[in-house]
Amino acid sequence: MADPEKQMIVEDGSEHEDVSSDEDGDKAIPATTAASLLQDPAVMAALQGKLGSMVGQASGYIQSLPAPVKKRIKALKKIQLEATKIEAQFYEEVHLLECKYHEKFGPLYTKRATITKGDYEPNEDECEWPSDSE
């Protein structure tokens, strides 16, 4: 993860992480080398395996934070839970609205299907369209 304290704003306005070298003085790995490593399926499989084994394990990072920061995190989690509940209500209402209009579209879909299958030939009134070129 990028450390916000190590980020700097470049003249074009984009954020770049400050690349620091290893403690023993070696040069940092160029971005192209890192990108090519991530293209290697064996490397990706190894990374996924390692990350998969870490799921569910506490890192101890949260516990190491000061008490005021922990309180902020809990408050933010509570706000996020409230937002998630509101979002769930939103999607429930969207679903009900979709069901309502699905019933209205049903007869149109049925009629359209009979026309496209050739089971029904539309009459002149049904074929009227404002533009002759279409």
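Residues numbered from 1 in each chain as written. Predicted model: local features only at pLDDT ≥ 70, side-chain atom pairs only at ≥ 80, totals over all residues. Heavy atoms only, no water.

### A few points about the overall build of the protein
Logical step 1: What the protein contains, in helices and strands, is 5 helices and 2 strands.
Logical step 2: Scanning the protein from its N terminus toward the C terminus, one meets helices and strands in the order β-β-α-α-α-α-α.
Logical step 3: Looking at the protein as a whole, 1% of its 134 residues qualify as buried.
Logical step 4: For the protein, the exposed surface amounts to about 12700 Å²; the carbon and sulfur share of it is 58%. (Helix = DSSP H or I, 4+ residues; strand = E, 2+ residues; numbered from the N terminus. Buried < 20%, exposed > 50% of the residue type's maximum accessible area, 1.4 Å probe, protein only. Areas by Shrake-Rupley, 256 points an atom, 1.4 Å probe, with all protein chains shown as cover.)

### Quick word on the pattern of salt bridges
Logical step 1: Per the stated rule, a full pass over the model turns up 1 salt bridge.
Logical step 2: A salt bridge links Lys-111 to Glu-126, with the nearest nitrogen and oxygen atoms 2.6 Å apart. Residue Lys-111 is located in helix 4 (residues 67-117), and its partner Glu-126 is located in helix 5 (residues 124-127); the two are separated by 15 residues in the primary sequence.
Logical step 3: Judged by its relative accessible area of 34%, Glu-126 is partly exposed. (Salt bridge = Lys/Arg side-chain N within 4 Å of Asp/Glu carboxyl O.)

### What to know about the packing of aromatic side chains
Logical step 1: Tallying each qualifying case throughout the model produces 2 aromatic pairs.
Logical step 2: Consider the rings of Phe-90 and Tyr-91, whose centres lie 5.0 Å apart with planes at 70 degrees: the pair is edge-to-face.
Logical step 3: Residue Phe-90 is classed as partly exposed on the basis of its relative accessible area, which comes to 48%.
Logical step 4: For Tyr-91, a relative accessible area of 48% translates into the label partly exposed.
Logical step 5: Ring geometry for Phe-105 and Tyr-109: centres 5.7 Å apart, planes at 20 degrees, overall stacked. Here Phe-105 pairs with Tyr-109, and both are found in helix 4, just 4 residues apart, close to one helical turn. (Phe/Tyr/Trp six-rings, centres within 6.5 Å; stacked < 30°, edge-to-face > 60°.)

### So, the confidence of the model for the protein
Logical step 1: For the protein, the average pLDDT comes to 82, and 77% of its residues sit at 70 or higher.
Logical step 2: Across the protein, helix 4 holds the top mean pLDDT of 96, while strand 1 (residues 7-9) sits lowest at 50. (pLDDT = per-residue confidence, 0-100.)

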